[in-house]
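# Observations on chain architecture
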Amino acid sequence: MKSCLVVDDSKVIRKVARHILEGLDFAVAEACDGQEALDACHESVPDVVLLDWNMPVMSGMEFLQALNGLNLPNRPKIVFCTTENGIAHIRAAIDAGADEYVMKPFDRDTLEGKLQLVGVA
Amino acid sequence: MTPGDNEGACRILVGLLEARTGQALAPDRIWRIETALKPVMRNHAIDTLDSLVAKLASEGNRGLVDEVIDALLNNESYFFRDHIVFDELNDRVFEDLRVSNAATRTMSVWMAGCSTGQEAYSIAMMLADAPHKWRGWTIRLVATDISHSAIVKAQSGLYTQFEIQRGLSVTRMVRWFDQEGSDWRIKEELRNRVDFYQHSLLSQAPPAGPFDVILCRNVLLYFAKAVRTEVFSRLHSVLARNGVLGLGAGETILGQTEDFVPSGTYRGLYRRADAPAARARPIAAAK
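In this convention, every chain numbers its residues from 1, walking through the sequence in written order. Chains carry letters from A onward and ligands carry numbers from 1 onward, assigned in written order. Per-residue local features are limited, in this predicted model, to residues with pLDDT of at least 70; the limit for side-chain atom pairs, both in listing and counting, is 80 or more; totals at the level of whole chains, interfaces and linings are taken over all residues.

To continue, consider the overall build of chain A. The helix and strand tally for chain A stands at 5 helices and 5 strands. Starting at the N terminus, helices and strands are each numbered in turn, a helix being any DSSP run of H or I of at least four residues and a strand any DSSP run of E of at least two. Taken from the N to the C terminus, the helices and strands of chain A come in the order β-α-β-α-β-α-β-α-β-α. For the radius of gyration, the atoms used are the C-alpha atoms, and the globule rule reads 2.2 Å times the number of residues raised to 0.38. Taking 14 Å as the expected radius of gyration for a compact globule of 121 residues, we find that chain A reaches 13 Å, a close match to that expectation. Reported as C-alpha extents along the three principal axes, the dimensions of chain A are approximately 35 × 30 × 25 Å. Partly exposed residues are those whose C-beta has more than 12 but fewer than 20 other C-beta atoms within 10 Å; 20 or more makes a residue buried and 12 or fewer makes it exposed, with C-beta atoms placed from the backbone. Here chain A holds 121 residues, and 41% of them are scored as buried. Two residues qualify as a contact pair if the distance between their C-beta atoms, derived from the backbone, is within 7 Å. By sequence separation, contacts in chain A at least 24 residues apart represent 60% of the contacts at least 6 residues apart.

All right, on to the sheet that holds strand β5 (residues 183-186) of chain B then. One open sheet holds the 3 strands; their spatial order is β3-β5-β4 (chain B), and the pairing between them is antiparallel. Each end of this open sheet is capped by a strand with a single partner; those strands are β3 (158-159) and β4 (177-180) of chain B. Two strands are counted as paired when DSSP detects at least two bridges linking them.

This part covers the interface of chain A and chain B. Across the contact, 13 residues belong to chain A and 10 residues belong to chain B. Broken down by secondary-structure element, the contributors of at least two residues to the side of chain A that touches chain B are α4 (87-95), β5 (100-103) and α5 (108-117) of chain A. Asp, Glu, Lys and Arg are counted as charged, while Ala, Val, Leu, Ile, Met, Phe, Trp, Tyr, Cys and Pro are counted as nonpolar; the rest, among them Gly, fall into the polar class. The residue inventory of the side of chain A that touches chain B, partitioned by class, reads 7 nonpolar, 3 polar and 3 charged.

This part covers the nonpolar core. Counting 95 residues, the largest nonpolar core has Leu50(A), Leu51(A), Phe80(A), Ala120(B), Ile214(B) and Leu245(B) as its most contacted members. Every residue in contact with Ile214(B), bar those within four places of it in the chain, is listed here: Trp110(B), Ala112(B), Leu235(B), Leu239(B), Gly243(B) and Leu245(B). Any nonpolar core is a set of buried residues, restricted to Ala, Val, Leu, Ile, Met, Phe, Trp, Tyr and Cys, that join up through C-beta atoms within 7 Å. In terms of nonpolar packing, the next biggest core, distinct from the first, is built from 13 residues, Leu25(B), Ile69(B), Ala71(B) and Leu72(B) among them.

Right, let's talk about unusual backbone geometry for a bit. Omega for the peptide link from Lys104(A) to Pro105(A) comes to 0°, which places this bond in the cis form. By the secondary structure assignment, Pro105(A) is in the loop between β5 and α5. Cis rather than trans, the peptide bond between Gly209(B) and Pro210(B) has omega equal to 0°. Among the secondary structure elements, Pro210(B) is positioned in the loop between β6 (194-198) and β7 (211-216). Look at Asp25(A): it is not a glycine, yet its phi comes out positive at around 70°. Its location among the elements puts Asp25(A) in the loop between α1 (11-23) and β2 (26-31). A tally of 9 C-beta atoms within 10 Å means that Asp25(A) is categorised as exposed. Even without a glycine there, the phi angle at Asn71(A) is positive, about 50°.

Residue and element names in this part refer to chain B. Here helix α13 (residues 225-238) is 14 residues long and its end C-alpha atoms lie 21 Å apart, about the 20 Å a rise of 1.5 Å per residue gives. Restricting attention to buried positions, one finds in α13 the residues Arg 228, Val 231, Phe 232, Leu 235 and His 236. What you see down the axis of α13 is that its buried residues fit within an arc of 145°, all on one side. Each element contacted by the buried residues of α13 is listed here: β1 (106-112), β7, β8 (239-247), β9 (260-262) and β10 (269-272). The length a helix should cover is 1.5 Å for every residue beyond the first. Directions pointing from the helix axis toward each C-beta atom define the arc.

All names here are of chain A. Here α1 spans 18 Å end to end across 13 residues, near enough to the 18 Å set by a 1.5 Å rise per residue. Considered for burial, the residues of α1 that qualify are Ile 13, Ala 17, Ile 20 and Leu 21. End-on view of α1: buried residues confined to an arc of 95°, all on one side of the axis. In α1, the exposed residues that point more than 90 degrees away from the buried face are Lys 11, Val 12, His 19, Glu 22 and Gly 23. Looking at the packing, one finds that the buried side of α1 touches β1 (2-7), β2, β3 (48-51) and α5. Residue Asp 25 follows α1 closely and has a positive phi angle near 70°.

Residue and element names in this part refer to chain B. Read from one edge to the other, the open sheet built from 7 strands follows the order β6-β2-β1-β7-β8-β10-β9, with strand pairing classed as mixed. Looking at the sheet topology across the chains shown, the edges are occupied by β6 and β9. The sheet shows a mean angle of 25° between the axes of neighbouring strands, taken without regard to direction. Examined bridge by bridge, β8 and β10 share 3 bridges and lie antiparallel to one another. Axis lines are fitted through C-alpha atoms, for helices just across the contact stretch, and the angle between N-to-C directions can take any value from 0 to 180 degrees.

As structure tokens, then:
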């Protein structure tokens, strides 16, 4: 079973994402911000991180940069999932090493397609 | 709407769709007729399906008939739908065509029933992503659909945020599309590579072939069996002798036609039954 860490400060988004991901046979863990996500990755590295951009404490981009600094041999795939839908943000995410990008709102087919593209579904 | 409501009107509309397009509306989709037609009815200030049918029956309503047909057609599509088929085309079929067509440096692909263009642009993107392979080649990409509105949208190359995310990687999205507000438009360079036009598989002669590849995906499932057999015959008539045919994931040739057989060379694709059995690497040897 593949694992996904859902990182979003919105409880509703985490709940929706969990519902979809569990339907796709993922083991799901949750974090409310980048720092919590980083702590979670220190304990157990998921196969993929579904990552919001704007969060308190530590943003999605800050998390990604910190994760890159860890030089993990089994770095998780990073799928941004955000309302930051402008081309500048998307390019910045790709440049920082994001593997995919989901523009909110999203549905099951969109998320499943993106997870297939990064090779975890 | 319950099945009993507007039954007569629904029957007429189903008959109209079948007569004009050959598409048979599955029983489980008939309940959606009223929902699908609501925007058309609203635009023409028509209250009920019965009134719509009455208006269709009156003379001089060709435009309304076209709008109704368009609304009833299923134009759902997305980029790289069933990526296994696209991988097979990209990794093997096109590679073999580079060898077999090296003398003429030409390749033709027909997307029959291209809907709103996503699959046609998927092919165009695959080829454009490997410019070194196709330098000096003349590649003809023809994409047709019976729906006028689908072709207009395909030609515009403009997709909503929802549509652009269906099957398309973010790297291809930023490489081949420009953002326009919340929508995304295909770059002119790619748009110009595909020749889109309205065409009926049933009532019009196919585009001039021969085509090395024909994709007719998720189209035939809407046709009655006899119509499918006829369409297969038409596809066969313009497929190159060594060409391949691609169908949708839920579609098959079995019991439908004797014009095609499984490729034997390429996974999930078909070849002409009257063509040589294999011209390229067998599947097992390709890996």
